[in-house]
Amino acid sequence: MCQPFDKPTVHGNRKLRILIVEDHIALAENLYEFLGDERYILDFAADGLTVLHLAATNHYDMMVLDVMLPGLDGFELCRRIRVDLKSSVPILMLTARDTLEDKETGFTGGADDYLTKPFDLRELELRIGAISRRGFTLNSELKAGNVYYNPGTLKVRTAAGCSLTLSGIGASLFEILMRAYPNYVKHQTLIEAVWQDEDVDPHTLRSHISALRFN
């Protein structure tokens, strides 16, 4: 029989974890300084292979992806994230390539948004906010094996017909795990995403994970 989860706060209170992919160090530093760490947990990568590794081993709420990168360019990287990693992480492409053909390549390859250089940092932040709100309220379900989760309604169900409504910390953790599936998510990644800078006892995380069980 399914049991209800605990009911703390709403999952939207947690910080967004964003991977910034940019090989121009000065621009990457500007993005870090402007976005800051009050609402975001920011990671950085300057090449495609590093991005693939980080995307496969960490959960991100969004990726800001430059196109002109050494090795794999952003277009191919976006395609591999979608096809090889089977990741649905929202991707905002950031590039000086501004033709319609370039934009078509980006969107058909799996990008969610496309911002051309030069750009205003405030516009970038507005687009990040719009994409994140859309991601938290979409009614499309996430699927992991025979488990389905709707981030907008916080409803989780199984193919066997079991259904639950999540809330609070349980919902936050469950969404991260569902979006990362089938990849592994580190304990520290979960703690940073849900509790931000708080000093969390590892047993607290284990307790919440243990509660995410179907009986």
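Predicted, not measured: the structure shown is a model, and the values here were computed from it. Here the residue numbering is sequential within each chain, running from 1 through the sequence in written order. The predicted origin of the model limits local features to residues at a pLDDT of at least 70 and limits the giving and counting of side-chain atom pairs to 80 or more, whereas totals for whole chains, interfaces and linings rest on all residues. Side-chain numbers here rest on the full set of heavy atoms in the structure, without hydrogens or water.

**A few points about the confidence of the model for the protein**
- Confidence scores here are pLDDT values: one per residue, from the predictor, ranging 0 to 100. For the protein, the average pLDDT comes to 82, and 88% of its residues sit at 70 or higher.
- Helix and strand labels come from DSSP, where a helix needs a run of H or I of at least four residues and a strand needs a run of E of at least two; each type is numbered from the N terminus. Confidence, expressed as mean pLDDT per element, reaches its minimum in the protein at helix α7 (residues 187–195) with 80 and its maximum at strand β3 (residues 62–66) with 94.
- Contacts are assigned to residue pairs that have any heavy atoms within 4.5 Å of one another. Low pLDDT (under 50) marks residues 1–12, which in the prediction has 32 contacts with non-local residues, meaning those over four places away or in another chain.

**Describing the packing of aromatic side chains**
- Stacked, tilted and edge-to-face are the three classes applied to pairs of Phe, Tyr and Trp rings, where Trp contributes its six-membered ring and a pair requires centres within 6.5 Å; stacked means planes under 30 degrees apart, edge-to-face means over 60, and tilted covers the rest. Inspection of the entire model under this criterion finds two aromatic pairs.
- Taken together, a centroid distance of 6.2 Å and an interplanar angle of 40° make the contact between F107 and Y114 tilted.
- Buried means the residue's accessible area, taken with a 1.4 Å probe over protein chains only, is under 20% of the maximum for its type, while exposed means over 50%, and partly exposed covers the values in between. Given a relative accessible area of 40%, F107 falls into the partly exposed group.
- Judged by centre distance (5.3 Å) and plane angle (80°), the rings of Y149 and F174 are edge-to-face. Here F174 lies in helix α6 (residues 168–180) and Y149 lies in strand β7 (residues 147–150), a separation of 25 residues in the sequence. Both residues of the pair, Y149 and F174, belong to the buried class.

**Looking at the sheet that holds strand β9 (residues 163–165)**
- Two strands pair under a simple rule: DSSP has to find at least two bridges between them. Overall, antiparallel pairing links the four strands, which are arranged β6-β7-β8-β9 in an open sheet. Each having just a single partner strand, β6 (142–144) and β9 make up the two edges of the open sheet. Averaged over all neighbouring strand pairs, the angle between strand axes comes to 20°, with direction disregarded.
- Relative to β9, strand β8 (residues 155–158) is paired through three bridges, and the arrangement is antiparallel. Residue pairing for β9: R157 is matched across the bridge by S163.
- Note on geometry: axes are C-alpha line fits, over the in-contact stretch for helices, and angles between N-to-C directions span 0 to 180 degrees. α6 rests against β6, β7 and β8 of the sheet, and its axis sits at about 120° to β7.

**Considerations on the nonpolar core**
- Put simply, buried Ala, Val, Leu, Ile, Met, Phe, Trp, Tyr and Cys residues joined by side-chain atoms within 4.5 Å make one nonpolar core. Y149, V156, L166, L173, F174, M178 and W195 are the most contacted members of the largest nonpolar core, which totals 24 residues.
- Those elements that provide at least two residues to this core are β6, β7, α6 and α7.
- Element by element, the count of residues in this core is highest for α6, at seven residues.
- Listed in part, the 23 residues of the second largest apolar core include V51, L65, L77 and M93.

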